[in-house]
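# Working through the structure, step by step
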Amino acid sequence: MRHQMLDVFGDLPGWSAIASGQSRLDLGLEAGPNEGPALRLDFDFGTDGGFVVARRRLSLRLPGSFALHLELSAQGQARGIEIKLVAPGDENVWLWRSESFDFQGGWHSLELNARAFAFGWGPAGGGSPDEIDAIEIALLGGGKGSLWLADLRLEDRTPPERPQIIASDGPDAPAWIELDCGAICDYSALYLTWETDGPHPFRVLARDGSDEGWRRLYESPHARGRQNAIYLADGCSRLLRIESLNDRLPLPRLLDHRLSPAADARSLEEFLMRLAETSPRGAYPRWLDREQIEWTAIDRPDGQTPAILSEDGAVEVGRAWPMIEPMLWTGEMLLTWGDCTIEQGLIETPLPIPQVIWRRAAWQLVITAFAQGEPGWLYLGYRIARQVTEENPAPAKARLYLLLRPFQVTPPWQRHREIGGLAPIHRLAWEEGGLWADGRLALVPLLQPSGVGVGSLDEGPWVERLAAGLLPQASAIDDPNGLGCAAVWFDLELAAGAEETVWLAAPLGEQAGQGLGDIAGETLALRLPHGEVPLEQAIAEWRGVLRIDVAGGTPTLLSAPARPYWDAAQGAIAHVLINRQGPALQPGPRRYARSWIRDGAAMAAALNRFGLVDVSLAFVEWYAGFQDTAGRVPCCVDDQGPDWLVEHDSLGQLIFAIADAWRFGADPARIAPLWPAVCKAVDHLERLRAERLTPEYQTPQRRACFGLLPESASHEGYLAHPVHAYWDDLWALRGLKDATELAEALGDEVQAGRCARLRAELAADLYRSIEQVAAAHGLEDLPASVELADHDPVALAVALGLVDEGHRLPQIPLRRTFERFIARFRAMHGPDPVTWTNFTPYEIRVASALIRIGWRAEAHEVLGFYLDARTPPAWNQWPEIIWRDPRAPAHRGDLPHSWIGAEYALAVRDLFVYERDSDRSLVIAAGIPLEWLQAGPIRLRGLPTAYGPLDIEIAPWTGGALVVQLGGDLSLPPGGIWVCPPLPGPLFSVRIDGEESRDVDASGARVRALPARLELLA
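The name given to the chain in an unreviewed UniProt entry is F5/8 type C domain-containing protein, with the source organism recorded as Caldichromatium japonicum.

Within the open sheet, the nine strands sit side by side as β24-β25-β26-β27-β35-β31-β30-β29-β33. Their pairing is antiparallel. Looking at which strands have only one partner, the edges of the open sheet turn out to be β24 (341-346) and β33 (476-478). The average undirected angle you get between the axes of adjacent strands in this sheet is 20 degrees. Relative to strand β25 (residues 354-360), β24 runs antiparallel, the two being bridged by six bridges. Bridge assignment links Gln344 to a residue of β25, and that residue is Val356.

Running from amino to carboxyl end, helix α7 (residues 613-624) crosses helix α8 (residues 649-663) at an angle of 145 degrees, the nearest separation of the two axes being 9 Å. In terms of crossing hand, the pair formed by α7 and α8 is left-handed. Every residue of α8 that contacts α7 at Val613, Ser616, Leu617, Val620 and Ala624 is listed here: Leu654, Ala657, Ile658 and Ala661. When grouped by side-chain class, the residues that make up the contact of α7 with α8 number eight nonpolar, one polar and no charged.

So, on to unusual backbone geometry. Looking along the chain, the bond that leaves Thr349 and enters Pro350 is cis, with omega of 5 degrees. Among the structural elements, Pro350 can be located in the loop between β24 and β25. A cis geometry characterises the amide bond from Thr871 onward to Pro872, with omega recorded as -15 degrees. Looking at where Pro872 falls in the secondary structure, it is placed in the loop between α16 (856-868) and β41 (882-883). The backbone of Ala320 sits at a positive phi, close to 65 degrees, despite the residue not being glycine. Within the secondary structure, Ala320 is located in the loop between β21 (315-316) and β22 (323-329). Located in the positive-phi region is Asn876, a residue other than glycine, with phi close to 55 degrees. Residue placement: Asn876 occurs in the loop between α16 and β41.

Helix length check: helix α12 (residues 749-776), at 28 residues, gives a terminal C-alpha distance of 41 Å against a target of 40 Å (1.5 Å per residue), a fit within 8%. Looking one or two residues beyond α12, the residue adopting positive phi is Gly778, at roughly 65 degrees.

What the rule picks out here adds up to 81 salt bridges. Note that Arg383 is salt-bridged to Glu499, the shortest N-O span being 3.4 Å. Taken as a pair, Arg383 in strand β27 (residues 377-386) and Glu499 in strand β35 (residues 499-507) lie far apart in primary sequence, 116 residues in all. For Glu499, a relative accessible area of 47% translates into the label partly exposed.

Moving on, we come to the sheet that holds strand β8 (residues 93-98). The six strands lie next to each other as β2-β5-β11-β7-β8-β10, forming an open sheet whose pairing is antiparallel. Because the sheet does not close on itself, it has two edges, and the strands there are β2 (15-19) and β10 (118-121). Taken pair by pair, the neighbouring strands of this sheet meet at an average axis angle of 30 degrees, ignoring direction. Looking at chain direction, β8 and β10 are connected through three bridges and run antiparallel. Among the inter-strand pairings, Leu95 is bridged to a residue of β10, identified as Ala118.

Relative to the helices and strands, Ser146 resides in strand β12 (residues 144-156). With relative accessibility at 8%, the residue Ser146 sits in the buried group. Polar contacts involving the side chain of Ser146 include one to the side chain of Asp42, which spans 2.5 Å. Look past the residues within four positions of Ser146 in its chain and what remains in contact with it is Arg40, Leu41, Asp42, Phe43, Ser73, Ala74 and Gln75.

In this section: the nonpolar core. Counting 232 residues, the largest nonpolar core has Phe818, Tyr904, Phe912 and Leu1014 as its most contacted members. The residues touching Leu1014, leaving out its near neighbours within four places in the chain, are Leu962, Val963, Val964, Leu966, Val979, Arg991, Ile992, Ala1005 and Val1007. Core analysis: the next-biggest nonpolar cluster, separate from the first, contains 47 residues, Leu309, Val315, Leu335 and Leu435 among them.

The rules behind each value
- Residues numbered from 1 in each chain as written.
- Predicted model: local features only at pLDDT ≥ 70, side-chain atom pairs only at ≥ 80, totals over all residues.
- Heavy atoms only, no water.
- Pairing = 2+ DSSP bridges.
- Helix = DSSP H or I, 4+ residues; strand = E, 2+ residues; numbered from the N terminus.
- Axes fitted to C-alpha atoms, helices over the stretch in contact; angles between N-to-C directions.
- Left-handed = near helix turned anticlockwise from the far one by under 90°.
- Contact = heavy atoms within 4.5 Å.
- Nonpolar A, V, L, I, M, F, W, Y, C, P; charged D, E, K, R; others polar.
- Expected span 1.5 Å × (residues − 1).
- Salt bridge = Lys/Arg side-chain N within 4 Å of Asp/Glu carboxyl O.
- Buried < 20%, exposed > 50% of the residue type's maximum accessible area, 1.4 Å probe, protein only.
- Polar contact = N/O pair within 3.5 Å; in protein donor to acceptor, adjacent residues only side chain to side chain.
- Core = buried A, V, L, I, M, F, W, Y, C linked by side-chain atoms within 4.5 Å.

Written as structure tokens, this is what we have:
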């Protein structure tokens, strides 16, 4: 194998040092092993942790199989070491990481082959680097010391494409064939072309030399067909042997063979991506074409684990389960998602009952998915329609295929634990009228299928075989490689203009492991009459939850331009309900199927404001149970228990979530038992602040941290280097404010006084720190943390929204913070956008802040942009990350991301009404644009507020006075109700119930009694 020296460390110019926060890195040269030169890295992480990086620029094309060699020695302390390969443009990174590296040892050799470098991040989404322009050596914080590097070189370990056939026991029907690569090399897959079709089970063996025994790499008991492709995980040898598994089925004559290098397929998913490259588009799921895929969640409002439906119509019933994929034979061709134009829809907006529509020529396939029943069942409808055309007047035969294959809906770049990529199937069987996969009931046809067959991907290209009419015949299969596949098909005959619907059902959650009779009873076991499914019940259930009263009138009446905003907000609320697991609010159905108190506090607030306070309170009651005896609140809880990563915003968020449920009408009998949790959280907040009230923090160097909460990683940008984040302190202020209110409501005067004092002290220290940091760094806007003095309007927006401290912040820097945000927003999304890679829809939160500072047009600009940014638009949802290239195979968080959806719902609700703490008032219509009223009326009845349900009706504006009517069963806020609708000019006069009013300001008029009728004239 060939070696290439990358650096002999004779000089320093090619290297640069990078250090985070208070960390330090110095580079130098000195003697290394064998009297050669070495690069010395002297690192010191100080007291704050962080990281340091030594970066070497070089332009290098990597071979298909390679190994990186390096001599290292270390003395000191660090948490770990990383070696990164950085592609041109610095967007895509592959890395090797060790947290067990010996930082006290002498010189030793490190050898890392191509497989050792996992994909780190970037729009590539995976694969292997074929070209790099930098290598980075990173050390992770903790202590100080030195690291020495020497003899950095690259070894080419690429195999020959066609190894020499050196032996077999016969050319026509051999029992075995041996291949010789000429030297030990790294490979990933073997591709074989045979002379004849038919079954030929075989195994692949390997060894490095003739004096060693053979080791097994792969067994393919279901191999058949003229072509076989075999993934060889961790393949490394000189010799390969292909050997028949059955004496009665010798190998066909081998016509061709090819061995691919390690970089071609670093995983089974990447191997299948290689197969997809040479297959018809649509033969595999979209993500195997290295394209991003969208999906949405399906469940009842009080379900447990949702199913997900892809934009192409594939369904994943359970978390990390195999997908169910439709395909349609039209008599002329087999239609897959790759052959059709596809659109997404809802059966009725905004109900979360999604549909996917395929269209190709005269054919249409409509896929509908919904959940119903207790315990829950997923129902899947496939409606096949054929249009009337002059070319096709006669009836036509069609066949609907439903495939179960070992793929998840979510792609491998979404991986977390078992989520993302493949879903191995080791056993398949058709039993009891249902298809079973690995002991779980996968699907039950509600119409007698025309056929069912199972097989394996090892049999060859499955979809191409179906297109050729080669149907699987077996009713059960065991596949040691987890590549089992199944097909259920329905033969149909459609006249022109006719349609047929096929329904399937699949059990949701744990019930899938029980017998069909145990979980379905005779209703499903005997199959429902054609079309008799509980769709109307599902529609009625969602209408009720979302307060869409079709029979009793319309409580919500919105003009045409306003309607999509409200529908999107209601759809987002529905996704909050769908994503939850029992009482646990979770921001996603798959990757983010965990419960964070940060996300949960925002989702609970949105639920309260859309009339679902019981759901919000159930979450708080559940989460409070994980608080420890010291009062600490975990940042996150999942099926493995609480996560105690230090995130100090959790305390204030728990208190807020309890108090917010109380404000919006939660049963006081359920709030009182939560008061001890509030008190423990306050106690812990006080202890944390005490750590920053010592003399050390009164020195000039540390004065900006005095009285704040300690460093934490509550912001993702602070994970590598925790800082004193003002986000934490703002949430602590909110929590102490709410603890004061709860104490007063419960008659605990001592705690009320204590919480009010703690809040005042923290507020004084926080606002002094903000001014001090801004002055020290010469900032014109507000900093987000002490150490970084960073610009983060998305984080600071919470100060004006749920935290409601905007009136206490310095107003000129506050406005400049959002002026800077709007300038960047327009630069990215305007008519001539600057270059950008991705952004996060958490920015939606800024709209609420803009409403509160009176920037109606800018708030509407942001919300309108994010309305259009729904992914896909019909499903009323957003991911956590939006990439410039929407098909880039890159991590996107989860879909639907219900914390982001909750932020959208909160911002839309703020357009119509929001609570204002500064004067304890309600503010009406401060975000509604005039265009909405020019297009028609707005009416909202029973809109939940902290003071009770509110009725708002605003007449269409056609010139002259704007008429607003208010009512509802609410207690008048102490500060009254401010009505601030859009007007074509400055407010000139206001009449309330026919009387002139002088209780006005530049933005609107105040109402002090209900009901009220206002006439506002500009």
